[in-house]
Amino acid sequence: MSRFLEIVEKVRGIRRKLVVASAGDSVVLNAVKLAVEYEIVSPILVGPYEKIKVLSSNIDLDLSKCEVVDSPESDAAAKAVEIADKNGELLMKGLVKTGDLMKLVLQDEYRLKTGSTMTMVSVFDIPSYAKLLAVSDAGMIISPTLEQKVDMINAAVRVMKKFGVEKPKVAVLGAVEIPNLKMSATLDAAILSKMNDRNQIKDCIVDGPFALDNAVSIEAAKHKGVESPVAGDADVLIMPDIEAGNIFYKSMVFLANAKVASVILGARLPIVLTSRADSDETKLYSIALGALLV
């Protein structure tokens, strides 16, 4: 049984206002249906009314429990962002490109920017790992700077605190566990670790660089002589770039049978931004996680 069910139960009955941008998509609507059945959200579906009506009928989504804002596909995302700005608690990507939606979120006419880096935090329930594991970033920041990695850490720590982890252990990843002048990710990791020592990054334990094996395996850490409270026991993994994050994400889901929930943080409200390849279950867990973080 997935450990995420505890979170679903925690937000059951909370009925957050979820604005779905370009909602004319059966996969997205099916996830919304599940979230409605658990009473996690009160959806505002933005998109072509007739299309949403037909798709909802096909999956038995009761539109009487939703608000539908009729909008042509070309304008639906902008309309959804406008509604989310004025009256939403959660924003969810529907049938719109991620880049197009995020450009709208960042526009000055809306009040969704906070000055913080917008980063994707994914939480994995991996059968072979003893606890939940948060990862940033697998879908937003292509090549994060040192400053952006600080924001990534803070966002992931915020998430894990919601799961009851009082002082998350953060492993900053690279290809090796020793700083190397030719590998900038390892230098960033060492700097972030020292910033944490000086209390410039708070409420967590940060160490690195770590190769993945000695971040999540105590045996590997011992074999390589890596001594750290984080070694083999990480709550959070900070990825060096989007390629590493994306490959890790898909490896866990498609090869390791992991369950996952993802949200984008850094805006004034959480953004549920899932892939079309993600299951309905993943989308439900992501909505639940977003609801928890409002």
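Cut-offs used in this document
- Residues numbered from 1 in each chain as written.
- Predicted model: local features only at pLDDT ≥ 70, side-chain atom pairs only at ≥ 80, totals over all residues.
- Heavy atoms only, no water.
- Helix = DSSP H or I, 4+ residues; strand = E, 2+ residues; numbered from the N terminus.
- Buried < 20%, exposed > 50% of the residue type's maximum accessible area, 1.4 Å probe, protein only.
- Contact = heavy atoms within 4.5 Å.
- Areas by Shrake-Rupley, 256 points an atom, 1.4 Å probe, with all protein chains shown as cover.
- Expected span 1.5 Å × (residues − 1).
- Arc of directions from axis to C-beta.
- Polar contact = N/O pair within 3.5 Å; in protein donor to acceptor, adjacent residues only side chain to side chain.

## Brief notes about the overall build of the protein chain
- A count of helical and extended segments in the protein chain gives 11 helices and 11 strands.
- A total of 294 residues make up the protein chain; the buried ones form 54% of that total.
- Taking contacts inside the protein chain between residues at least 6 apart in sequence as the whole, the part at least 24 apart equals 71%.
- As displayed, the protein chain has an accessible area near 13100 Å², and 51% of this comes from carbon and sulfur atoms.

## Details of helix 10 (residues 242–255)
- Taking 1.5 Å of rise per residue, the 14 residues of helix 10 would be expected to cover 20 Å, and the 19 Å separating its terminal C-alpha atoms lies within 8% of that figure.
- When we look at burial in helix 10, the residues that qualify are I242, G245, F248, Y249 and M252. Looking straight down helix 10, one finds that the buried residues subtend no more than 135° of arc, so they occupy a single side. Opposite the buried face of helix 10, by more than 90 degrees, sit the exposed residues I247, F254 and L255.
- If you follow the buried residues of helix 10, they end up packed against strand 5 (119–125), strand 6 (133–136), helix 8 (212–216), strand 9 (236–238), strand 10 (259–265) and helix 11 (280–293).
- Between the side-chain oxygen at the start of helix 10 and the backbone nitrogen of E243 there is a gap of 3.2 Å, and the oxygen is on D241.
- Phi turns positive, to about 60°, at N257, one or two residues after helix 10.

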